[in-house]
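Residue-level structural notes
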Amino acid sequence: MRYDACIIGAGADGLAAAATLAGRGLKVAVVERDSHPGGRCATREFHPGFRASPFVDELPAIPQDIFWSLDLARRGALLMSAPASLALWPGKQSLLQPSAGRAQALRRAIAERVLADAAQPPKRGLFASAAPTAPWPGEELAARTLLDVLDESSADSAECAHLLAALLDGQVCDPALAGSALQLLAGSRGGMAAGGLGRLGDALRAAAEEAGAEITCGLEATDIKRAGRRVAAVGLADGSEVAARAVISTLDLKRTFLSLFSWSELPRALVDRVGAFRPAPSMARLLVALEAPPDPPAGTDPIALRGPIHVAPDAAALDDATRAWRSGAAPERPPVMLRLVSAVDPSLAPDGAATLTVTLGAIPHTPFDGAWTREKRDKLRDTALAAVEAVWPGIAKRVLGAELIVPPDTEDMLGLTGGDLSGGELTADQMLGFRPFVEASGTRTPVEGLYLAGPSSTLGPLATCASGVAAARALMADFAAGRLK
Amino acid sequence: MSDAADVLVIGAGPQGLAAAAYLARAGARVSVLEAEPVSGGACANSMSVGDLVVPAGPHSLCALDPRVVKELKLGRHGLKFAARDLALTGLRSEGKPLVLDRNAHAAAHSIAPVSQRDAERFAGFRRDLFVFGRALRAMWWEEGELGEAAQREELRRLAMTSAGAFLDAAFESEAVKAAFAFDAMTGGLSPSDAGSSLLFAWRAAQEMCGLQGAVVIPRGGVASLADALVSAAQAAGVEIRTSVPVARLLLSGDAVTGVALASGEEIAARIVLSSLPRRRTLLELAPAGAAGFATARQLRRTPDTAEAKLVLALKSAPGFAASQPSGRFIIAERLESCIAAHAEARAGRLPAELALEAVVPTLFDPSLAPGNTHLLSVLVRPLPVSPEEGWLKLAPRLTDAVLAILERHAPGLKGSIVAASVGEPNAPERDALTARHMLAGWRARIATPIGGLFLCGEAAEPAPALSCRAARIAAAIAGAHLKGEVR
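Just so you know, these numbers come straight off a predicted model, no measurement behind them.

A short note on the overall build of chain A
The helix and strand tally for chain A stands at 13 helices and 16 strands. For chain A, the C-alpha radius of gyration of 22 Å lies close to 23 Å, the compact-globule estimate for 485 residues. Seen through its principal axes, chain A has C-alpha atoms that stretch 65 × 45 × 45 Å. Counting across all 485 residues of chain A, residues that qualify as buried make up 59%. Taking contacts inside chain A between residues at least 6 apart in sequence as the whole, the part at least 24 apart equals 74%. Surface exposure of chain A reaches about 18,300 Å², of which carbon and sulfur atoms provide 53%.

A look at the domain arrangement of chain B
All names here are of chain B. Taken domain by domain, chain B consists of domain 1 (2-47 + 58-79 + 220-300 + 432-486), domain 2 (87-212) and domain 3 (303-429). For domain 1 and domain 3, the distance between their C-alpha centroids amounts to 30 Å. On the side of domain 3, 16 residues touch domain 1, which itself brings 9 residues to the contact. Buried surface at the junction of domain 1 and domain 3, summed over both partners, amounts to about 930 Å²; 56% is from carbon and sulfur atoms. Broken down residue by residue, the surface that domain 1 buries against domain 3 is led by Met-47, His-59 and Arg-279, which jointly contribute 61%. Counting the contacts that link domain 1 with domain 3 gives 1 salt bridge. For the interface between domain 1 and domain 3, the tally reads 4 residue pairs in polar contact (both at pLDDT 80 or more). Taken together, the residues that form the side of domain 1 that touches domain 3 break down as 4 nonpolar, 3 polar and 2 charged.

Looking at helix H13 (residues 335-346) of chain B
Compared with the 16 Å implied by 1.5 Å per residue over 12 residues, the 17 Å span of H13 of chain B between its first and last C-alpha is a close match. The elements touched by buried residues of H13 of chain B are helix H9 (315-326) of chain A together with helix H6 (163-170), helix H7 (174-181), strand E15 (305-314), strand E17 (355-359) and strand E18 (374-384) of chain B. Following H13 of chain B by one or two positions, Gly-348 of chain B adopts a phi angle in the positive range, close to 95°.

What to know about the interface of chain B and chain A
Where interface size is given, it is often the accessible area lost as the parts come together that is meant. Counting from both sides, the interface comprises 27 residues of chain B and, opposite them, 30 residues of chain A. In total, about 2,300 Å² of surface goes out of reach between chain B and chain A, with carbon and sulfur atoms giving 50% of it. Taken together, the connections running from chain B to chain A amount to 7 salt bridges. The residue Asp-320 of chain A makes a salt bridge to Arg-349 of chain B at a minimum N-O spacing of 3.9 Å. Along the contact surface separating chain B from chain A lie 9 residue pairs in polar contact (both at pLDDT 80 or more). At the level of secondary structure, the elements contributing two or more residues to the side of chain B that touches chain A comprise helix H4 (116-140), helix H5 (149-160), H6 and H13 of chain B. Residue classes in the side of chain B that touches chain A are distributed as 10 nonpolar, 3 polar and 14 charged.

Here we look at the sheet that holds strand E11 (residues 284-290) of chain A
Residues and elements named next belong to chain A. Read across the open sheet, the 7 strands follow the order E6-E5-E12-E13-E14-E11-E15; overall the sheet is mixed. Lying at the two open borders of the sheet, with one neighbouring strand each, are strand E6 (92-96) and strand E15 (399-405). When the angles between neighbouring strand axes are averaged without regard to direction, this sheet yields 20°. Sheet topology places strand E12 (residues 309-311) next to strand E13 (residues 336-339); 2 bridges connect them, and they run antiparallel. For His-310, the partnering residue across the bridge sits in E13 and is Met-337.

Here is what the cut-offs are and how they apply
Residues numbered from 1 in each chain as written. Chains lettered and ligands numbered in written order. Predicted model: local features only at pLDDT ≥ 70, side-chain atom pairs only at ≥ 80, totals over all residues. Heavy atoms only, no water. Helix = DSSP H or I, 4+ residues; strand = E, 2+ residues; numbered from the N terminus. Rg over C-alpha atoms; globule rule 2.2 N^0.38 Å. Buried < 20%, exposed > 50% of the residue type's maximum accessible area, 1.4 Å probe, protein only. Contact = heavy atoms within 4.5 Å. Areas by Shrake-Rupley, 256 points an atom, 1.4 Å probe, with all protein chains shown as cover. Domains from an automatic or database assignment. Buried area = accessible area lost by both parts, 1.4 Å probe. Salt bridge = Lys/Arg side-chain N within 4 Å of Asp/Glu carboxyl O. Polar contact = N/O pair within 3.5 Å; in protein donor to acceptor, adjacent residues only side chain to side chain. Nonpolar A, V, L, I, M, F, W, Y, C, P; charged D, E, K, R; others polar. Expected span 1.5 Å × (residues − 1). Pairing = 2+ DSSP bridges. Axes fitted to C-alpha atoms, helices over the stretch in contact; angles between N-to-C directions.

Have a look at this one:
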């Protein structure tokens, strides 16, 4: 049997694409290598009775229209509004409300642009000379530095450091470089899902399955087969094939082109572009099981513990950490963000206990002196716990267990190159019309019948689900135009 | 008021002199006002190294507009070239230096031991860059725009691309990337600043001695360019006054009416051209508020990092110059280390690793130094703009660091030093360079919010270098104002 579309990866973007296509009556197959769909929308028991989302606590927001058209609320996805973020310095603290404002308007405008382009038949063929395009919303940010922009909206250097920490959320970025202002476009926090992000994954799966998509888990896509220049089928790890008129890949750019195709059959220019694409993995997580919830630090509103807690954000320390990261060293003072996730969602910890996640920024994928050994992991764990101890003295005694996740773990678990959750460094030459590269901006790729959604696509880092919907729309527009028989 | 002139030019550097010469040739009465006792600006021989004197500014030329040389007849006024094409030569701690020669075969041959793939790619890389560079002359040599849509798209891509990403996409070997890293730090940019890849295109758009992208050294040193321009300006009837620092601009409403000198003397003029940086012109010379609030705020930004010049007088030429005399020697370990060094310098510290550009002008022009003495001129990047410890304390540490690097590449160099001198960076006075500035039109770079006041110096160039193109265009604009063609 031949499917209309085969979707590789059952993450949020893949499931949203599947639900959108199947909802229009197309025959859709989704293949997922993990035993469970959801991708980073996962919640896992890391210590008996304690659960947490291993990769992130919050995803970029799902655009409202997609959230409602997929009927996610009825299917059990309840997203709690993003709380204020707290910054704690010795003897000082500040609370920062999440701001919507201009960045959100820009993200919406960019999404509209991608969706509008998706609905248009493609203008160019395989590596034809790039046609001139209108400026992208937010493109002017490429000429500015993030510090410059944040300076304008903050009263003092401490507030600026807090804004920076809240914005980067563990991503690494040198805010004094031209073009770093584009980080503002990265997706805002979309709020925690009640019951953990896994619940959101389940709702998306339900949306896709109820629409009629077939989801196969535990089976890895190994290659994309082509008939002539057009995609024809997806080869699977067990040797079988899914024949399809079109393929949507939600893998990152490098996995999509460098592992699903044999290089010799792709144009050299395409392989070069993909090879030059830069991931920037920089985040480690420590999931901590606590036997009892910690008390609010002196003078802190208990409600403030519901949001992210940035431990002593400092611009100079961030600068040092970024440089250490560049040279492949784990920084002495990495940016640290704590979240008492069980304070928002009590279901994540047993009664009377608490679950804490610690997000560390500027952690290299592979340390310069070799892989992550037990000693290096223990050292990083101690760094993280020391930061927790600084906020709650004496908390070490309450720790029942902890699990550390470094970028190679994320890479293994999610099948994401480098374990970079943003799917590629957010620099000016890898954003907007240049993401992942000029000829593949938006969602169509130079390979006929292959669409790119997921973290490396234009909308990937901006919003959850949006890149999948964009790919689905482009695919339907091309079907309607009779391009993919 | 005394001595009314049509045009006053502030600063008798090469750009100011060139602008003055153009205007005088067009029939205007032009005075050039120079604060220092000698004219020539950064090109004047003002830095002493033992018994010798060298310019504090550039040690080679890469961007001088050939039309300026021709139109102002600089050859007749004494400008000759001693070295016509210094090949970019990357020195490596191990192995032979990388000579990125104009001859594609020689370049490929030199790269091959490092990376076969890069050797194959180098010719194509340079050809593409040169083709694009020639197209860019429409906007960087003239007041025009790129002709083809595809070229405009390419320009937009470069404006978003950092030099690091650009080099990563083109080459695989660290040695080749590092050889280009020095140029990527022009104007205090970091190789990972978005838009820093434009600097490569800008260099490729230049032409010296009829060769695209060549780097040359005039006979008699860069100071001879200043001498030729002084001679050309005087022949055209320009009055050059030295030791007359300008204190402030005189305005009536939003238009300039003349300048006041530090001595108290006031000179009236219809047009004032400033070869000083935009910030100094608008924030220090113009009355407070004349620049406008938002502009003033923008102008306060200084470059992120600085560069300094270190000149050594040596008993013998350094070892690396023996095998490849006509080289512009780049010493940079890795591209990544330049990026890290830039971040360190920005934080006010002397970076652990520095990038150097060294030339040995005496190999082409023995007249620069007596006997067998050789001059080694070194530009050092990136350095802190305002060092935590102050320049006076930093300078000896910087000298030691640079000598240690040089000694590694030319063993025995320290023993042959006759004299050494290091010049203070002038970055705090300069304007910050941005991709937006590089792509703005000439008029946006030359004009100011004050009527009749134009910039003609390095500040109005797309990238900081001695090209005199801004002077040529500013003179044309000023000339049109004088004739009343522009109101």
